[in-house]
Amino acid sequence: LAYHPDFKRSYYVRGLIYGYTRKLKEAEKDFLTFLDWKPGSWAGHNDLSWVYFQMGDFQKAEEQARLGLLDSPTNPRLFNSLGVALLNQNHPTEARPYFKESLKQFESADHKLWGKAYPGNDPAIYQEGYQKTIEVIKQNLALVDKL
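Undergrad: Looking at this model, I keep getting lost on the nonpolar core. Mind explaining?
TA: Nonpolar side chains tend toward joint burial in soluble globular proteins. By size, the foremost hydrophobic cluster in this structure holds 34 residues, and its most contacted members are Tyr 12, Phe 31, Leu 48, Val 51, Ala 95 and Phe 99. Among the elements of the structure, α1 (9-20), α2 (24-37), α3 (42-55), α4 (58-71), α5 (76-87), α6 (92-107) and α8 (126-146) are those that each provide at least two residues to this core. Tallying contributions element by element places α5 first for this core, with seven residues. Contacts of Phe 31, omitting those with residues within four sequence positions, involve Tyr 12, Gly 15, Leu 16, Gly 44, Asp 47, Leu 48 and Val 51.

Undergrad: How should I be thinking about the packing of aromatic side chains in this particular structure?
TA: In this description, a pair of aromatic rings is defined by centroid distance and the angle of the planes. According to the stated counting rule, one finds seven aromatic pairs in the structure shown. Here the aromatic cluster, defined as three or more aromatic residues joined through ring pairs, consists of Tyr 12, Phe 31, Phe 34 and Trp 37.

Undergrad: Would you take a moment to explain the pattern of salt bridges for this structure?
TA: If the charged atoms of two oppositely charged side chains come close together, the side chains can form a pair. This structure, assessed with the given rule, holds seven salt bridges. A salt bridge links Asp 30 to Arg 14; its shortest N-O distance comes to 2.5 Å. With Asp 30 in helix α2 and Arg 14 in helix α1, this residue pair connects regions lying 16 residues apart in the sequence. Residue Asp 30 is classed as buried on the basis of its relative accessible area, which comes to 2%. Ionic pairing is found between Glu 94 and Arg 66, a salt bridge with its closest N-O pair at 2.9 Å. You can see Glu 94 sitting in helix α6 and its partner Arg 66 sitting in helix α4, a full 28 residues away along the chain. Residues joined by salt bridges that share partners form a network here, namely Glu 62, Arg 66 and Glu 94.

Thresholds, definitions, all that
- Residues numbered from 1 in each chain as written.
- Predicted model: local features only at pLDDT ≥ 70, side-chain atom pairs only at ≥ 80, totals over all residues.
- Heavy atoms only, no water.
- Core = buried A, V, L, I, M, F, W, Y, C linked by side-chain atoms within 4.5 Å.
- Buried < 20%, exposed > 50% of the residue type's maximum accessible area, 1.4 Å probe, protein only.
- Helix = DSSP H or I, 4+ residues; strand = E, 2+ residues; numbered from the N terminus.
- Contact = heavy atoms within 4.5 Å.
- Phe/Tyr/Trp six-rings, centres within 6.5 Å; stacked < 30°, edge-to-face > 60°.
- Salt bridge = Lys/Arg side-chain N within 4 Å of Asp/Glu carboxyl O.

Read these as spatial facts, not as claims about activity.
Printed below as a string of structure tokens:
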């Protein structure tokens, strides 16, 4: 960013770094800057939703997932993010169909497609990450069914 401040994808990457290091306000700012440049990015909306979730702002997490679904209406990651945001706002009945659709989408894919969404990931983790994603969505559905 110091050498190429107009290369806006750098804000996305730095937003991830800030998110993983729990510098959440900085992550929020960078994802918003990125989304100003590329408003239709499902990944930008999904990761900003993740940041808001970490902040405990489940309403904003929901809003970002819904915004992402406007441009990517079948994205399983966004479905899961929306379900998680709704579940944490005590709306399990509303969350359930989003978890179901997320699971359906992931189960009809494979680990290579899972990994393709984030090309920066090491292909050696694709299978494990894919399986873990399906496991987490099933756990989310189990939570909904208990409520």
